[in-house]
Amino acid sequence: MFEHLKHEQPTSGVLECRGLTKSYSRGEPPVLRDFNLSLPSGRIVGLLGPNGCGKSTLMKLIVGLLTPDSGAVFISGEKTSYKTNGYVSYLPERTYFDPSMKVCELIKFFSDFYTDFDPSVAEKMLTSLNINKNSKLKTLSKGTKEKVQLVMVMSRKAKLYLLDEPIAGVDPAARDYILETIISNRNPEATVIITTHLIHDIEGVLDDFYFMGRSGEILMSGEAEATRKEQGKTLDELFREVYRCY
């Protein structure tokens with residue numbers, strides 16, 4: 001599955017990373033080194049690992065916010081470009097919206113910018129979360145701002161959703177709703193990648209998982225349910241065991 005592919009040939013999966021290497025400064029070890037990953041459509045995938053192991057860097061490489069030192073990324077068989085950016089709905093770890101905007105203005109902005117954005121879906125989710133769409137973002141709590149950002153991201157009909165720590169800043173009571181939102185509002189043919197350290201909270205929704213090491217390598221991967229049965233442990237327990245010995 002992680003065989004290094006040198007040639008830029010088309011791929012049938014929703015995402016393929018080939019030989020990705022990325023450093024932030026000369027002389028420092030790469031955050032990612034010769035990283036390879038291939039994902040099919042229609043899966044919910046957990047990309048799990050400690051801080052600094054390259055999870056956020058990988059997401060930024062996929063959406064083109066960073067340029068790899070070497071290697072390539074393909075989305076739905078096409079090398080990343082302005083066109084493939086339209087296939088991806090990305091939730092960064094930090095909120096980035098203009099705090100002076102109202103939530104309803106944000107809905108209008110996304111409707112104008114993304115052809116696959118469904119404002120009716122966004123409004124339904126906002127109502128379920130008791131978020132007033134006439135509120136200015138600067139008046140909302142940090143957790144509520146993150147909920148609004150997730151609503152915007154999940155109201156698109158994308159091929160690939162990249163969710164960087166989507167539940168880290170919200171209260172435990174809202175996490176189940178947010179995970180249900182991720183499952184029920186995604187395009188069923190799309191793949192969702194979730195990065196998080198809160199494995200206990202999300203492992204029930206995962207189809208597949210990848211444990212990343214501190215140098216961006218894959219330490220362990222597999223189907224979530226099959227691995228739980230085979231190991232006789234939850235992914236959270238397995239994660240703690242793997243990283244305690246790492």
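For the structure, see preceding data.
Being a predicted model, the structure only gives us computed values, none of them experimental. (Residues numbered from 1 in each chain as written. Predicted model: local features only at pLDDT ≥ 70, side-chain atom pairs only at ≥ 80, totals over all residues. Heavy atoms only, no water.)

A.B. asks: What exactly am I supposed to notice about the overall build of the chain here?
C.D. replies: A count of helical and extended segments in the chain gives nine helices and ten strands. The C-alpha atoms of the chain give a radius of gyration of 18 Å, which matches the 18 Å a tight globule of 246 residues would have. In terms of overall dimensions, the chain has C-alpha extents of about 50 × 40 × 35 Å along its principal axes. The 246 residues of the chain split such that 51% are buried. Of the contacts formed within the chain by residues at least 6 apart in sequence, a portion of 69% connects residues at least 24 apart. Of the roughly 12,100 Å² of accessible surface on the chain, a fraction of 49% belongs to carbon and sulfur atoms. Of the charged side chains in the chain, 31 are positive and 32 negative, and the gap between their average positions amounts to 5 Å. (Helix = DSSP H or I, 4+ residues; strand = E, 2+ residues; numbered from the N terminus. Rg over C-alpha atoms; globule rule 2.2 N^0.38 Å. Buried < 20%, exposed > 50% of the residue type's maximum accessible area, 1.4 Å probe, protein only. Contact = heavy atoms within 4.5 Å. Areas by Shrake-Rupley, 256 points an atom, 1.4 Å probe, with all protein chains shown as cover. Lys, Arg positive; Asp, Glu negative; His and termini not counted. Charge placed at Lys NZ, Arg CZ, Asp CG, Glu CD.)

A.B. asks: Mind showing me how you'd approach the pairing of strand β3 (residues 44-48) here?
C.D. replies: Consecutive side chains along a regular strand alternate between the two faces of the sheet. For β3, the buried fraction is high: five of the five residues fall into the buried class. Both faces of β3 are covered, namely the face carrying I44, G46 and L48 and the face carrying V45 and L47. Direction of pairing for β3 relative to strand β8 (residues 191-196): parallel, over a ladder of five bridges. For V45, the partnering residue across the bridge sits in β8 and is I193. Across four bridges, β3 lies against strand β9 (residues 208-212) in parallel orientation. Among the inter-strand pairings, V45 is bridged to a residue of β9, identified as D208. (Pairing = 2+ DSSP bridges.)

A.B. asks: So what exactly am I meant to see when it comes to the sheet that holds strand β4 (residues 70-75) here?
C.D. replies: Backbone hydrogen bonds hold the strands of a sheet together, and the pairing may be parallel or antiparallel. An order of β2-β1-β4-β5 is seen for the four strands of this open sheet, with the pairing classed as antiparallel. At either end of the open sheet lies a strand with only one pairing partner, and these are β2 (32-39) and β5 (78-79). Pairing between strand β1 (residues 15-22) and β4: five bridges, direction antiparallel. Bridge pairing in β4 places L15 opposite I75. Contacts from helix α1 (residues 55-62) reach β1, β2 and β4, with the element oriented near 115° to β1. (Axes fitted to C-alpha atoms, helices over the stretch in contact; angles between N-to-C directions.)

A.B. asks: Explain α1 to me, please; I cannot follow it from the model alone.
C.D. replies: Within an α-helix, residues lying three or four positions from one another point in the same direction, as the helix has 3.6 residues per turn. Of all eight residues in α1, six are buried, a share of seventy percent or more. K55, T57, L58, M59, L61 and I62 are the residues of α1 that are buried. Downstream of α1 by a residue or two, G64 has a phi angle that is positive, lying close to 85°.

A.B. asks: Before we go on, may I ask you to explain the nonpolar core in this structure?
C.D. replies: Where a protein is soluble and globular, its nonpolar side chains tend to be buried together. Counting residues in each nonpolar core, the largest one holds 49 residues, and the members touching the most others are M152, L163 and I182. In terms of residue count, the dominant contributor to this core is helix α5 (residues 142-154) (six residues). When sequence neighbours within four positions are dropped, the list of residues in contact with M152 reads F97, L106, I107, F110, F117, A122 and L126. If you look at the next biggest cluster of nonpolar residues, it comprises 26 residues, including L20, L58, L160 and L162. (Core = buried A, V, L, I, M, F, W, Y, C linked by side-chain atoms within 4.5 Å.)

A.B. asks: Looking at this structure, I do not really get the packing of aromatic side chains. What am I missing?
C.D. replies: One pair of aromatic rings is described through two measures. These are the centre distance and the angle between the planes. Counted according to the given criterion, the structure contains eleven aromatic pairs. Here the aromatic residues Y96, F97, F109, F110, F113, Y114 and F117 are joined through ring pairs into a cluster of three or more. Sitting above the plane of the Y114 ring, R156 keeps its charged end 4.0 Å from the centroid. One residue, K159, lies across the ring of Y87, its end atom 4.1 Å from the ring centre. (Phe/Tyr/Trp six-rings, centres within 6.5 Å; stacked < 30°, edge-to-face > 60°. Lys NZ or Arg CZ within 6 Å of the ring centre and 35° of its normal.)

A.B. asks: Before we go on, may I ask you to explain the side chain of E203 in this structure?
C.D. replies: Turning to its location among the elements, E203 is positioned in the loop between α7 (199-202) and β9. We classify E203 as buried; its relative accessible area is 8%. Within the local environment of E203, its side chain forms a polar contact with the backbone nitrogen of L235, the two atoms lying 3.1 Å apart. (Polar contact = N/O pair within 3.5 Å; in protein donor to acceptor, adjacent residues only side chain to side chain.)

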